[in-house]
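A structural walkthrough
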Amino acid sequence: MAAVAAVTLMLEAVGIALLNWILGLVVDRQQMSMGGIDTDAMSVGTWVAGGLFGLYLLVCGVVLLRTAVRDRAPGRLARILLITCAVVHGLLGAFSVGLVGWPAFAFMMVVLGLIVLTLLGYEAESAAGPSAETASGDAPSPA
């Protein structure tokens, strides 16, 4: 499940970066401006925001891919990163219903579900490993 989520997030990262690149080109070529902001500042801002968001999604995808390859639960910081990614997809899904439509909402919810299933599918490792007695198969005798 983590591998599917990783590939999905990596494809989404490329799509988001490409979409923002195109939007920046449209703003630049049509000399669009909001509130008197310079056109160049708006196009560069769109490219930077798209690149940063794409990088964020790519990092989340790499964390999921590492989880799939290692077949172990992600660490504390990686779990926090994946939880923020899940929250972002929930919010984007809610916004996308009115702006883009139901297919975009469905895609966001599928990605959200993949991330949550990955987070719940792997047990978090305890801080202390198994004791030497239980590792050797000898159960401690009751006192």
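Residues numbered from 1 in each chain as written. Predicted model: local features only at pLDDT ≥ 70, side-chain atom pairs only at ≥ 80, totals over all residues. Heavy atoms only, no water.

The protein chain is annotated in an unreviewed UniProt entry as Integral membrane protein from Streptomyces malaysiensis.

1. Considerations on the packing of aromatic side chains
With the rule as written, the count across this model stands at 3 aromatic pairs. Where Trp-21 meets Trp-47, the ring centres are 4.7 Å apart and the plane angle is 25°; that geometry is what we call stacked. Highlighted residues: Trp-21 in helix α1 (residues 2-29) and Trp-47 in helix α2 (residues 39-70), separated in sequence by 26 residues. Owing to a relative accessible area of 44%, Trp-21 belongs among the partly exposed residues under this scheme. With 5.4 Å between their ring centres and 85° between their planes, Trp-102 and Phe-105 make a pair best called edge-to-face. (Phe/Tyr/Trp six-rings, centres within 6.5 Å; stacked < 30°, edge-to-face > 60°. Helix = DSSP H or I, 4+ residues; strand = E, 2+ residues; numbered from the N terminus. Buried < 20%, exposed > 50% of the residue type's maximum accessible area, 1.4 Å probe, protein only.)

2. Remarks on the UniProt feature "transmembrane region" (unreviewed entry) in the protein chain
Summarizing the sequence annotation, UniProt attributes the feature "transmembrane region" (unreviewed entry) to residues 7-27, 47-65, 77-98 and 104-122 in the numbering used throughout. For residues 47-65, helix accounts for 100% and strand for 0%, while the C-alpha atoms at its two ends are 26 Å apart. Here residues 104-122 is 95% helix and 0% strand, with 28 Å between the C-alpha atoms at its ends. (UniProt positions renumbered as here; feature names shortened; annotations may be inferred.)

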